[in-house]
Amino acid sequence: MKIVIVGCGRVGASAAETWDRAGHEVVVLDLSSAAFDRLPGSFKGSAIRGDGTDEDVLRRAGAEGADVFLALTEGDNRNVMSAQLAAEALKIGAVIAKINDPLRAKAYAELGIATLSRTGLMLDAVNGYLGLPVSGLATMQAPTGIHPGDHHLAESPAPAGSDPMAAPRAAGAPMEA
Amino acid sequence: MFVLVVGGGKVGYYLAKELIDSGHEVALMEKDEARARQIADEIGSIVIPHDGCEGKYLGEAGCNRADVVAAVTGDDEDNLVICQMAKHHFDVPRTIARVNNPKNEALFRHLGVDELISPTRMILGSIEQDIPVHELLHLGALGEGELELIEARLQAGSPAIGRAPGDIDMPDGCSLFALIRGGIATPLRPDTVLQEGDKVIAIGKPECESFLHGQLIGDPQATATGG
């Protein structure tokens, strides 16, 4: 699989390292080249300095034709914009955005983007450890709806192989507004 | 009308002020606390000192009953998210976003933002009005500067459009000889009908230039001096 990762923080770098070692083609972008120090010397993928919310930068990085796109920067909105560019302009099938604000995470899942929310993930990990009930906050959500104007999303075939859209969601997590 | 303005920079501040003066109900969200306090001191307690990108605070600001949400922060990604949250989560009928990178306009429109204001494009448009874009292009000099090779691009308003080369008056020593259409160069034949977007290559003495300008570009002043 060809995987594009925007944001080479701890999660981004670990994902890049893991998938590179597993033999996938990995492209990782970050605004700061110092962020690439997190990558191991053995990393065989591409590390590109640039703004992942800029369509030109994404195209130059070769994001077009990727199977999976992950937006993992520290900024929720940068992730949202980057992910929507990937889905709408670059037509990448599997797009996941880290959105820590649970409300925004739910809203964007409804707009057709798989979302990953640290707030809910961490809280529910703690709840699980303590044997407490799940929080009901967004954690990892598959897209629950299609953007009203985006019929092509419905037509685009699901990516072959593993399907990150089908990630399990926390039991009891509310999916409706 | 209830207008929710997000972003308390210069644009947001003056926007809120003007809207209040025209009698509208206004709420302004500004995440920087010091800036929020400063605005509140000046125009009253309409300021919500929180991040307008955060769903929770948008809700608290009354986004669900807003008639218009104007996202005027300095960051495109923030303005996009504010408008999308307003539109799809709070059912706001009209969303307006400030867009700094003109390349983002198409995406924003596609993603459902109702109205885009691009200061960059506006200023660019204004500058371009002052630059003569309808110019003849000098491709080179032939001989010892006696003859010039000139390219003219036919744009809307050119008097040559719809005419054949034979119908265009040319002074002695000046001729049109080649046509570039859609990237393909061909000799200019007597029956060719010129179209908008065509590039016509001419050869002639330097003094023919103003005449060529009048015939091919259509600047009235050049026609007057040239003809």
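Please read all numbers here as calculations on a predicted model, not as lab measurements.

Draft legend 1. Structural detail: the interface of chain A and chain B. Listed by partner, the interface residues are 20 residues for chain A and 21 residues for chain B. In total, chain A and chain B occlude about 1,800 Å² of area from one another, counting both sides; carbon and sulfur atoms represent 61% of this. Three residues, Asn77, Met81 and Leu103 of chain A, lead the burial of chain A against chain B; their summed loss comes to 30% of the area buried on that side. Where chain A touches chain B, the interface holds 8 residue pairs in polar contact (both at pLDDT 80 or more). When residues in the side of chain A that touches chain B are grouped by element, the largest group, 7 residues, is from helix α3 (residues 76–89) of chain A.

Draft legend 2. Main features of the side chain of Thr192 of chain B. Residue and element names in this part refer to chain B. Inspection of the secondary structure assignment puts Thr192 in the loop between β10 (184–187) and β11 (199–204). A polar atom in the side chain of Thr192 sits 3.0 Å from the backbone oxygen of Arg189. Non-local contacts of Thr192, meaning those with residues more than four positions away in its chain, are made with Arg163, Ala164, Pro165, Leu179 and Arg181.

Draft legend 3. Inspection of the side chain of Asp30 of chain A at higher detail. Residues and elements named next belong to chain A. Tracing the backbone through its elements, the reader meets Asp30 in strand β2 (residues 25–30). Although Asp30 lies buried, it forms no salt bridge, and the closest oppositely charged side chain, Arg38, sits 5.8 Å away as judged by the N-O distance. From its side chain, Asp30 meets the backbone nitrogen of Ser32 in a polar contact 3.0 Å long. Ignoring anything within four residues of it in the chain, the contact list for Asp30 reads Gly7, Cys8, Gly9, Ala35, Phe36, Ile48, Arg49 and Gly50.

Draft legend 4. Representation of the packing of helix α1 (residues 10–21) of chain B against helix α2 (residues 33–43) of chain B within the structure. Residues and elements named next belong to chain B. Taken N-terminus to C-terminus, the directions of α1 and α2 make an angle of 25 degrees; their axes are 12 Å apart at the nearest point. As far as their axial angle goes, α2 and α1 are roughly parallel. Here α1 and α2 pass one another in a crossing that is right-handed. Contact residues: α1 offers Lys10, Tyr13, Ala16, Lys17 and Ile20, while α2 offers Arg35, Ile39, Glu42 and Ile43. Residue classes in the contact of α1 with α2 are distributed as 5 nonpolar, no polar and 4 charged.

Reading guide: rules and limits
Residues numbered from 1 in each chain as written. Chains lettered and ligands numbered in written order. Predicted model: local features only at pLDDT ≥ 70, side-chain atom pairs only at ≥ 80, totals over all residues. Heavy atoms only, no water. Contact = heavy atoms within 4.5 Å. Buried area = accessible area lost by both parts, 1.4 Å probe. Polar contact = N/O pair within 3.5 Å; in protein donor to acceptor, adjacent residues only side chain to side chain. Helix = DSSP H or I, 4+ residues; strand = E, 2+ residues; numbered from the N terminus. Buried < 20%, exposed > 50% of the residue type's maximum accessible area, 1.4 Å probe, protein only. Lys, Arg positive; Asp, Glu negative; His and termini not counted. Salt bridge = Lys/Arg side-chain N within 4 Å of Asp/Glu carboxyl O. Axes fitted to C-alpha atoms, helices over the stretch in contact; angles between N-to-C directions. Parallel < 35°, antiparallel > 145°, perpendicular 65-115°, else oblique. Left-handed = near helix turned anticlockwise from the far one by under 90°. Nonpolar A, V, L, I, M, F, W, Y, C, P; charged D, E, K, R; others polar.

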